[in-house]
Amino acid sequence: MTNHDANRLASACAQALFERDSASQGMGMRLLSAAPGTARVGMNVRADMLQGHGTCHGGYLFALADSAFALACNSYNEATVAMGCSIDYIAPARLGDTLNADCIEQSRSGRTGNYDVRIENQRGELIALFHGKSYKVRGPVLAQETPNE
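What comes next is a walk through the structure.

Definitions and cut-offs
- Residues numbered from 1 in each chain as written.
- Predicted model: local features only at pLDDT ≥ 70, side-chain atom pairs only at ≥ 80, totals over all residues.
- Heavy atoms only, no water.
- Patch = residues over 30% accessible without salt bridge, like charges linked within 9 Å, V, L, I, M, F, W, Y side chains within 5 Å.
- Areas by Shrake-Rupley, 256 points an atom, 1.4 Å probe, with all protein chains shown as cover.
- Salt bridge = Lys/Arg side-chain N within 4 Å of Asp/Glu carboxyl O.
- Helix = DSSP H or I, 4+ residues; strand = E, 2+ residues; numbered from the N terminus.
- Expected span 1.5 Å × (residues − 1).
- Buried < 20%, exposed > 50% of the residue type's maximum accessible area, 1.4 Å probe, protein only.
- Contact = heavy atoms within 4.5 Å.
- Pairing = 2+ DSSP bridges.
- Axes fitted to C-alpha atoms, helices over the stretch in contact; angles between N-to-C directions.
- Core = buried A, V, L, I, M, F, W, Y, C linked by side-chain atoms within 4.5 Å.
- Disulfide = S-S within 2.5 Å.

Next up on the list: a nonpolar patch on the surface. On the surface, a nonpolar cluster with roughly 310 Å² of combined accessible area is contributed by V81, M83, Y135 and V137. Relative to the helices and strands, V137 is located in the segment after β6 (126-136).

Spelled out as structure tokens, the structure:
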């Protein structure tokens, strides 16, 4: 597979998976880019995302990172799920912030992979660091065409 074909496949996988992801869409996330083993997802912090201290609830930050992770580890058209994840909150995200979660594959071998996500705000300030471990299950991400379709 050429680099161009791999990029096109990763983009198609990310788009298809994101279109089926009502949770991420409901939180206002946007798929910004995808390539083999990587993905970038954006989200604006809304008033309904604030917790009692007036900053973005950590669950939304985790969900943003998890969505980027899911899109990156499914970029090879092999259905993949999370086996474990952790997050470190570095700085608060505030109302109106535009957040970007950039996921990068660190390793992928056999059925497992390791991915790191960096969440930054619109000023490039680090908000959170996330690590996810993936597990490949059976089946493709993209629907397979049958000869009669």
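The next point concerns unusual backbone geometry. Of note, the phi angle at N77 is positive, near 65°, even though the residue is not glycine. Structurally, N77 can be placed in the loop between α3 (58-73) and β3 (80-89).

With 16 residues, α3 extends 22 Å between its outermost C-alpha atoms, agreeing within 8% with the 22 Å of an ideal straight helix rising 1.5 Å per residue. Along α3, the residues that are buried comprise L61, A63, L64, A65, S67, A68, F69, L71, A72 and C73.

Turning our attention to the environment of Y60. By the element assignment, Y60 lies in helix α3. Its relative accessible area of 23% is what places Y60 among the partly exposed residues. Considering only alpha carbons, one finds Y60 and L71, 11 residues apart in sequence, at a separation of 17 Å. What Y60 contacts, discounting residues up to four positions off in sequence, is M27, M43, D48 and M49.

Turning next to the sheet that holds strand β5 (residues 112-120). The six strands are arranged β1-β2-β4-β5-β6-β3 in an open sheet whose pairing can be described as antiparallel. Two strands in the sheet have a free side with no partner beyond their single neighbour: β1 (30-35) and β3. Averaged over all pairs of adjacent strands, the angle between their axes in this sheet comes to 20°, without regard to strand direction. With nine bridges connecting them, strand β4 (residues 98-109) and β5 associate as antiparallel partners.

A separate point is the pairing of β1. In terms of strand pairing, β1 meets strand β2 (residues 38-44) through five bridges, oriented antiparallel. Looking at the pairing, A35 lines up with T38 of β2. Two successive antiparallel strands, β1 and β2, enclose a turn made up of two residues, where G37 displays a positive phi of approximately 75°.

Glancing now at the nonpolar core. Generally speaking, nonpolar side chains in soluble globular proteins are found buried as a group. Among the nonpolar cores identified, the biggest contains 31 residues, and M29, L64, L99, V117 and I119 are the most heavily contacted of them. The element contributing the most residues to this core is α3, with nine residues.

This part covers the state of the cysteines. Across all of its chains, the model carries zero disulfides by this definition. Free of any disulfide, C85 has its nearest cysteine sulfur in C73, 8.7 Å distant. Lacking any disulfide linkage, C103 is separated from the closest cysteine sulfur, that of C73, by 7.3 Å. Since its relative accessible area comes to 2%, C103 is described here as buried.

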